[in-house]
Amino acid sequence: TESGNHTLLTEFVLSGLSSHPELQHLLFFTFCLVYTVTVIGNLLICMVTVHPTLCTPMYFFLRVLSFLDVSAASSVVPKILVSFLSEDRSISYMGCVTQLYCVIFSGATEWYLLAAMAYDRYMAICNPLRYTLIMNPRACLSLVLLSCCSGNIVSVVQTAWVFTLPFCGPRKIDHFFCDIPPLILLSCTDTSLYEKQITTVTVLVICMPFCLIVVSYACIISSILKISSAESRYKTFSTCSSHLIVVTLYCTCGTLNYLPTSSKSQDTKKVLALIYTTIIPMLNPLIYSLRNKEVREVLIITMAV
């Protein structure tokens, strides 16, 4: 139906990842494998970290992180898999709204949670005598709830703002899921104010937590250098460096994708989005948990039972 010069959309069409028919089945099996590893890996972490020997704040945060990773991947990957096997790449208006909300919620909440996890590691390594007093169960639960509430507020505001824009012309979204940058390109109104707003949100949601994480790990590394045992220094530094590498990759991809001033092509932004919605959720269980000796031991015991 038409309303003035604006089209009342009931559905959108996603362009997908690839327009080459000969690659569809290969991509399907690749992403099916990635998604399977992501779900199994993160669910194993959720299952293992409830073991009595792993009832510490760090593993509590990791359990929540695993849940968010599964949520992020599940918001995007199933739709990608369907697009590889079907020529129908349409998504309903409400389906698009729901997908955008879920992607933003899981992403924003994860950033705040990563900052909380960095603070937890800072307290454990730099203030070990006060650690159990400060990072008590109530404080940990409060940090998780605060992260979820903040992520929900960001997601509701951003989703509502995007879908109040008038859409006209083509209904094709040049992306493999409903995301903010390709959606605002469909708007037939001036989006300069929205672009300034999304820049502000990117700084608040991604850049500020990233800075807090970097500061926390800088203090941690400073404490590591004071450790007399070379083996202990290497083990702790190896863990911290792997965390920082993943967080930096996550920050870089998210910032380049969402900043309107970014000159990256749409294909490049698809790759960036692919990294933080599918690849990083698959890597997180390995980087944060499965490299840990305690987790591996409990996992072996659990699998044996």
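So, here's what we can say about the structure. (Residues numbered from 1 in each chain as written. Predicted model: local features only at pLDDT ≥ 70, side-chain atom pairs only at ≥ 80, totals over all residues. Heavy atoms only, no water.)

### Concerning helix α1 (residues 24-48)
- A rise of 1.5 Å per residue sets the reference length of α1, with its 25 residues, at 36 Å; its end C-alpha atoms lie 36 Å apart and thus fit the reference within 8%.
- Listed in full, the buried residues belonging to α1 are Gln24, Phe28, Phe31, Val34, Tyr35, Thr38, Val39, Gly41, Asn42, Ile45 and Val48. (Helix = DSSP H or I, 4+ residues; strand = E, 2+ residues; numbered from the N terminus. Expected span 1.5 Å × (residues − 1). Buried < 20%, exposed > 50% of the residue type's maximum accessible area, 1.4 Å probe, protein only.)

### Some thoughts on the packing of helix α2 (residues 57-85) against helix α3 (residues 93-126)
- Relative to each other, α2 and α3 sit at 160°, their axes nearing to 9 Å. Looking at the two axes, α2 sits roughly antiparallel to α3. When the axes of α2 and α3 are compared, the crossing they make is left-handed. Contacts between α2 and α3 involve Pro57, Met58, Phe61, Leu62, Val64, Leu65, Leu68, Asp69, Ala72, Ser75, Val76 and Lys79 from the first element and Gln99, Cys102, Val103, Ser106, Thr109, Glu110, Leu113, Leu114, Ala116, Met117, Asp120 and Arg121 from the second.
- Among the residues forming the contact of α2 with α3, the class breakdown is 15 nonpolar, 4 polar and 5 charged. (Axes fitted to C-alpha atoms, helices over the stretch in contact; angles between N-to-C directions. Parallel < 35°, antiparallel > 145°, perpendicular 65-115°, else oblique. Left-handed = near helix turned anticlockwise from the far one by under 90°. Contact = heavy atoms within 4.5 Å. Nonpolar A, V, L, I, M, F, W, Y, C, P; charged D, E, K, R; others polar.)

### Description of the environment of Val201
- Inspection of the secondary structure assignment puts Val201 in helix α7 (residues 192-224).
- Each C-alpha atom, one on Val201 and one on Ala108, is 9.9 Å from the other, the two residues being 93 residues apart in sequence.
- Residues in contact with Val201, not counting those within four places in the same chain, are Val154, Gln158 and Ile206.

### A short note on the sheet that holds strand β4 (residues 90-92)
- In space, the 3 strands of this open sheet follow the order β4-β3-β5, with mixed pairing throughout. With one partner strand each, in any of the chains shown, β4 and β5 (172-173) form the two edges of the open sheet.
- Examined bridge by bridge, strand β3 (residues 11-14) and β5 share 2 bridges and lie parallel to one another. Each residue of the ladder has a partner; that of Leu14, found in β5, is Ile173.
- The sheet strands contacting α3 are β3, β4 and β5, and the helix crosses β4 at an angle near 85°. (Pairing = 2+ DSSP bridges.)

### Quick word on the state of the cysteines
- Applying the stated criterion across every chain, the model contains 1 disulfide.
- The partner cysteine of Cys96 in its disulfide is Cys178, sulfur to sulfur 2.0 Å. Residues Cys96 and Cys178 are joined by a disulfide whose S-S torsion is about -125°; by sign, that bridge is left-handed. With Cys96 in helix α3 and Cys178 in the loop between β5 and α6 (180-184), this pair connects stretches of sequence that are 82 residues apart.
- What makes Cys178 buried here is its relative accessible area of 0%.
- Here Cys148 stays unpaired: no disulfide links it, and the sulfur of Cys149, its closest cysteine neighbor, is 6.9 Å away.
- For Cys148, a relative accessible area of 23% gives the class partly exposed.
- No disulfide involves Cys211; its nearest neighbouring cysteine sulfur is the one of Cys207, lying 6.7 Å away.
- Classification of Cys211 as partly exposed rests on a relative accessible area of 46%. (Disulfide = S-S within 2.5 Å.)

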